[in-house]
Amino acid sequence: MAGYRRQLYRDDAVVLRVQKLGESDRIITLLTRRHGRIRAVARGVRRTTSRFGARLEPFGHVDLQLAGDPKGNQGSSLHTVSQVEGIDLYGKRFLGDYPRYTAASAIAETAERLTPVEREPSLRLFQLTLGALKALARGEHATTLVLDAYLLRGMALAGWAPALIACAVCGTPGRHRAFSVPAGGAVCPDCRPPGAAHPAPATIDLMSALTSGDWVVADATDTGVRRECSGLVAAHLQWHLERALRSLPLVDRGAPATGAAPPPGVGPGAVPPRVGPTAAAVFREKTE
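Residues numbered from 1 in each chain as written. Predicted model: local features only at pLDDT ≥ 70, side-chain atom pairs only at ≥ 80, totals over all residues. Heavy atoms only, no water.

Draft legend 1. Just the pattern of salt bridges, in detail. Taken as a whole and judged by the stated rule, the model has 13 salt bridges. In the salt-bridge network here, residues are joined through shared partners; they are Arg37, Arg39, Glu118 and Arg119. (Salt bridge = Lys/Arg side-chain N within 4 Å of Asp/Glu carboxyl O.)

Have a look at this one:
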C-alpha cells in the first residue's frame, strides 16, 4: 500500500526456531505472550557485526520490538525485528548437554505444532513453554520427565488429554490396565480394542503425576517406567497431530529397561556426549 508505514509494537517471546534467509538474514519463529506465534525477519543477524544476533537463538526468552501489523490486516505476514533484549537465554545452557538440547528442541517443535494459526494469542501455552525451558535449565528434574510433563499438559490445553482415571470410551471410573491411543487413553475390558497396550500400573500413575505436577511421585519412578510413559505420550501426541515430530526420536531417554548395555555416554555416572555450537547447528539444520 502506497505510503503505508509499519506499526511498531513490543512483546516478549520464546524463540522456537530460526531459518536462514539470504546471505545474512534469518526468519525467526516466535511464541509471544500476547500475539501468539509469529514469524519475523531479523536482518543482518548472521553477520559478525550484528548487534543482537546472539540473542535470537532457539530457546531464548527475549523482549522484542517488532515492525508490522500485530493483527495481520496490513502488509506482509513476516514482521521485522528492530530491537531485542535478552531476558534469559536458556539455549546457551543446553549447547553442551545433548539430552537437554534435544528435549528443548522437542518442546519448541511441539509448541509450534500446537499453534497452527499465526497471531492467535495462546497465553497458557506460552507460559507452559517458558516454564518447561526454565525447568530444563534448572535441572531439578530428569529431562525426560520435564519433556513428558510438557507434552501431556500441552495436549490438555489442545483438548487431547489422554483419559487416565476413567475409561476413554464409556467413562467407567477405575484403574484400567489397557491403553489405546486411537480410543483416547485408558480403556476398560469391555471397551478395549484389539491391539491395545497394557502398560504397568506405575506407568499410568506417572502420567497422572506429570499431568497434575506431582513431582514427588514422578521423581521416584525408575527408568523402565519412564521409558514406557514416554512411548505412550509420544504416540498419543503424534496421533492427534497426524504427523511425526522430527525431534522426538533424537531425545536421549536413557538405557533400555531390558538390561541391554547403554551406548557410550548414556546411563548412571556417564558423561553426556559433548555437543558444541557446531553440532547444535547441525541438529537445527536437520530438524528445520
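From this point, the narrative continues.
Draft legend 2. Seen up close, the sheet that holds strand β4 (residues 60-67). Strand order in the closed barrel formed by five strands is β1-β2-β3-β5-β4, and the pairing between neighbours is mixed. Neighbouring strand axes in the sheet, compared pairwise and without regard to direction, differ in orientation by 45° on average. Where strand β3 (residues 36-42) lies against strand β5 (residues 79-89), two bridges are found, and the strand directions are parallel. Paired with Ala40 across the bridge in β5 is His79. Against the sheet, helix α2 (residues 98-113) touches β1 (8-21), β2 (25-32) and β3, its axis set at about 115° to β1. (Pairing = 2+ DSSP bridges. Helix = DSSP H or I, 4+ residues; strand = E, 2+ residues; numbered from the N terminus. Axes fitted to C-alpha atoms, helices over the stretch in contact; angles between N-to-C directions. Contact = heavy atoms within 4.5 Å.)

Draft legend 3. Layout of the packing of helix α4 (residues 143-158) against helix α7 (residues 223-241). Relative to each other, α4 and α7 sit at 30°, their axes nearing to 10 Å. For the element pair α4 and α7, the recorded crossing hand is left-handed. Residues Thr144, Leu145, Asp148, Leu151, Leu152 and Met155 of α4 touch α7, and the partners they reach there are Arg226, Cys229, Ser230, Val233, His236 and Leu237. Residues of the contact of α4 with α7, tallied by class, amount to seven nonpolar, three polar and two charged. (Left-handed = near helix turned anticlockwise from the far one by under 90°. Nonpolar A, V, L, I, M, F, W, Y, C, P; charged D, E, K, R; others polar.)

Draft legend 4. Seen up close, the pairing of β3. When you tally the buried positions in β3, you get six out of seven residues, the bulk of the element. Two elements, β2 and β3, share seven bridges in a ladder whose sense is antiparallel. Bridge pairing in β3 links Leu31 to Arg37. Joining the antiparallel neighbours β2 and β3 is a turn of three residues. (Buried < 20%, exposed > 50% of the residue type's maximum accessible area, 1.4 Å probe, protein only.)

Draft legend 5. Spatial organisation of the packing of α2 against helix α3 (residues 123-138). With their axes 10 Å apart at the nearest point, α2 and α3 run at an angle of 180° to one another. The orientation of α2 with respect to α3, classified from their angle, is roughly antiparallel. The residues of α3 that touch α2, namely those facing Arg100, Ala103, Ala104, Ile107 and Ala111, are Leu125, Thr129, Ala132, Leu133, Leu136 and Ala137. Class assignment of the residues belonging to the contact of α2 with α3 gives a composition of nine nonpolar, one polar and one charged. (Parallel < 35°, antiparallel > 145°, perpendicular 65-115°, else oblique.)

Draft legend 6. The arrangement of the environment of Gly174 in detail. Looking at where Gly174 falls in the secondary structure, it is placed in the loop between α4 and β6 (178-180). Judged by its relative accessible area of 32%, Gly174 falls in the partly exposed class. Between the alpha carbons of Gly174 and Cys188 there is a distance of 8.3 Å; along the sequence they are 14 residues apart. In contact with Gly174, other than residues within four places in its own chain, are Ile165 and Ala166.

Draft legend 7. Just α3, in detail. Between its first and last C-alpha, α3 extends 22 Å over 16 residues, near the 22 Å set by a 1.5 Å rise per residue. All of the buried residues along α3 are Leu125, Phe126, Leu128, Thr129, Leu130, Ala132, Leu133, Ala135, Leu136 and Ala137. Residues of α3 that are buried sit in contact with β1, β2, β4, α1 (91-94), α2 and α4. Positive backbone phi, approximately 70°, marks Gly139, located one or two places after α3. (Expected span 1.5 Å × (residues − 1).)

Draft legend 8. Up close: the state of the cysteines. Per the counting criterion, the structure on display carries zero disulfides. Cys167 forms no disulfide, and the closest cysteine sulfur to it belongs to Cys170, at a distance of 3.6 Å. No disulfide involves Cys188; its sulfur sits 3.5 Å from that of Cys191, the nearest cysteine. (Disulfide = S-S within 2.5 Å.)

Draft legend 9. A look at the packing of aromatic side chains. The tally for this structure, following the rule as stated, stands at two aromatic pairs. Judged by centre distance (6.0 Å) and plane angle (50°), the ring pair of Phe59 and Phe94 falls under tilted. Taken together, the residues span a long stretch of sequence, with Phe59 in the loop between β3 and β4 and Phe94 in helix α1 at a distance of 35 residues. Phe94 shares its class with Phe59; the two are buried. Centroid distance Phe59 to Tyr101: 5.5 Å. Interplanar angle 80°. Geometry classified as edge-to-face. One end of the pair, Phe59, is in the loop between β3 and β4; the other, Tyr101, is in helix α2, with 42 residues separating them in the sequence. The buried category is assigned to Phe59, whose relative accessible area is 3%. Put simply, the rings of Phe59, Phe94 and Tyr101 touch in pairs and so form one group of aromatic residues. (Phe/Tyr/Trp six-rings, centres within 6.5 Å; stacked < 30°, edge-to-face > 60°.)

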